[in-house]
Amino acid sequence: MPKLGMEPIRRDALIKATIAEIGVQGSLDVTVSRIAKRAGMSSGLAHHYFGSKDAMFLAAMRHLLAVYGAEIRGALVASDTAGARLRAIVRVSFSGSNFRREVVAAWLNFYVMAQRNDEAGRLLRIYQARLRSNLRHVLRPTLGARAPGMAEAVAAMIDGLYLREALGSGQPDGARAVAQVQGWLDTALAQPG
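Participant: Kindly report on the overall build of the chain, identifying the contributing residues and their values.
Facilitator: Helix and strand counts for the chain stand at nine helices and zero strands. Of the regular secondary structure in the chain, the N- to C-terminal order runs α-α-α-α-α-α-α-α-α. Put simply, the chain has 193 residues, and 44% of those count as buried. Intrachain contacts of the chain at a sequence separation of at least 6 include 65% that bridge at least 24 residues. Total accessible area computed for the chain in this model is approximately 10,000 Å², and 56% of it derives from carbon and sulfur atoms. A distance of 2 Å separates the average location of the 25 positive side-chain charges in the chain from that of its 15 negative side-chain charges.

Written as structure tokens, this is what we have:
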């Protein structure tokens, strides 16, 4: 069996340190040196693996998107009705691995970075398209032609709750966020036409 090299271990440590430092600082105003120190290595090694702070942050966002995507796929497979799949998407969007202080701070900074960085913009568009596609798919059996509009509204509500948490203090409350979105959805879906 081949021995796992240090590169994947160090990259993973740097990605986690990037997310943690952004969570502490609340912005991208962190240095590679601080990230590297948190990861237990030199800034030279961090630059060797990623080349720049932006590349490090993009790797961190790819990691967060991969975790989110895996959780969504698992939740959708485990759900047997359109309503259960809709609840699963909302629940995963605010799960403990996705809706914690440092991850919320990373998302806020990701939205800002996407305005000036082409790769960040591309990743954000992919995430948004996939979320809306999943929502349209689970809403279509119930809402038909109204599904795209409702999918946009649900996606906006999810993004809005992340923004509100990014501007708040304390630990995000995923259960409260799920209840807010689900309560709004229950009311909206009960409305005729």
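Read on, since the account is not over.
Participant: Residues and numbers for the side chain of Glu-165, please.
Facilitator: Looking at the secondary structure, you find Glu-165 in helix 8 (residues 147–167). Non-local contacts of Glu-165, meaning those with residues more than four positions away in its chain, are made with Phe-99, Arg-101, Val-104, Gln-171, Pro-172, Asp-173 and Arg-176.

Participant: Can you tell me about the packing of helix 1 (residues 6–25) against helix 3 (residues 43–50), naming the residues and giving the values?
Facilitator: A pair of packed helices is captured by two measures, namely the crossing angle of their axes and the spacing between those axes. Taken N-terminus to C-terminus, the directions of helix 1 and helix 3 make an angle of 105°; their axes are 10 Å apart at the nearest point. In terms of axis orientation, helix 1 runs roughly perpendicular to helix 3. From helix 1, Met-6, Glu-7, Arg-10, Arg-11, Leu-14 and Ile-15 reach across to helix 3, where they touch Leu-45, Ala-46, Tyr-49 and Phe-50. Per-class residue counts for the contact of helix 1 with helix 3 are seven nonpolar, no polar and three charged.

Participant: Explain the environment of Ser-133 residue by residue, including any values.
Facilitator: Locating Ser-133 in the fold gives a position in helix 7 (residues 118–143). The spacing of Ser-133 and Gln-115 is 18 residues in sequence and 22 Å in space, taken between C-alpha atoms.

Participant: Please set out the packing of aromatic side chains residue by residue, giving values where relevant.
Facilitator: Using the criterion set out here, one finds eight aromatic pairs in the structure. Ring geometry for Phe-94 versus Phe-99: centroids 5.0 Å apart, planes at 90°, classification edge-to-face. The same class applies to Phe-94 as to Phe-99, namely buried. Between Phe-99 and Tyr-162, the ring centres sit 4.9 Å apart and the planes meet at 70°, which makes this aromatic pair edge-to-face. One end of the pair, Phe-99, is in the loop between helix 5 (82–93) and helix 6 (101–113); the other, Tyr-162, is in helix 8, with 63 residues separating them in the sequence. Each residue in the set Tyr-68, Phe-94, Phe-99, Trp-107, Phe-110, Tyr-111, Tyr-127 and Tyr-162 is aromatic and connected to the rest through ring pairs, giving one cluster.

Participant: Give me the lowdown on helix 6, citing residues and values where you can.
Facilitator: For helix 6, which comprises 13 residues, the first-to-last C-alpha distance of 18 Å matches the rise-based estimate of 18 Å (1.5 Å per residue) to within 8%. Buried within helix 6 are the following residues: Arg-101, Val-103, Val-104, Ala-105, Ala-106, Trp-107, Asn-109, Phe-110 and Met-113. Residues of helix 6 that are buried in the fold lie against helix 1, helix 4 (53–77), helix 7 and helix 8.

Participant: I'd like a description of helix 3, backed by residues and values.
Facilitator: Listed as buried for helix 3 are Ala-46, Tyr-49 and Phe-50. Considered in projection along helix 3, the buried side chains sweep an arc of 80° and stay on one side of the axis. The secondary structure elements touched by the buried residues of helix 3 are helix 1, helix 2 (32–39) and helix 4. Phi turns positive, to about 90°, at Gly-51, one or two residues after helix 3.

Participant: For the packing of helix 6 against helix 7, give the residues involved together with the corresponding values.
Facilitator: Between helix 6 and helix 7, whose axes approach to 8 Å, the crossing angle comes to 115°. The hand of the helix 6/helix 7 crossing is left-handed. On the side of helix 6, the interface is formed by Trp-107, Phe-110, Tyr-111 and Met-113, while helix 7 contributes Ala-120, Leu-123, Leu-124, Tyr-127 and Gln-128. When grouped by side-chain class, the residues that make up the contact of helix 6 with helix 7 number eight nonpolar, one polar and no charged.

The rules we used
Residues numbered from 1 in each chain as written. Predicted model: local features only at pLDDT ≥ 70, side-chain atom pairs only at ≥ 80, totals over all residues. Heavy atoms only, no water. Helix = DSSP H or I, 4+ residues; strand = E, 2+ residues; numbered from the N terminus. Buried < 20%, exposed > 50% of the residue type's maximum accessible area, 1.4 Å probe, protein only. Contact = heavy atoms within 4.5 Å. Areas by Shrake-Rupley, 256 points an atom, 1.4 Å probe, with all protein chains shown as cover. Lys, Arg positive; Asp, Glu negative; His and termini not counted. Charge placed at Lys NZ, Arg CZ, Asp CG, Glu CD. Axes fitted to C-alpha atoms, helices over the stretch in contact; angles between N-to-C directions. Parallel < 35°, antiparallel > 145°, perpendicular 65-115°, else oblique. Nonpolar A, V, L, I, M, F, W, Y, C, P; charged D, E, K, R; others polar. Phe/Tyr/Trp six-rings, centres within 6.5 Å; stacked < 30°, edge-to-face > 60°. Expected span 1.5 Å × (residues − 1). Arc of directions from axis to C-beta. Left-handed = near helix turned anticlockwise from the far one by under 90°.

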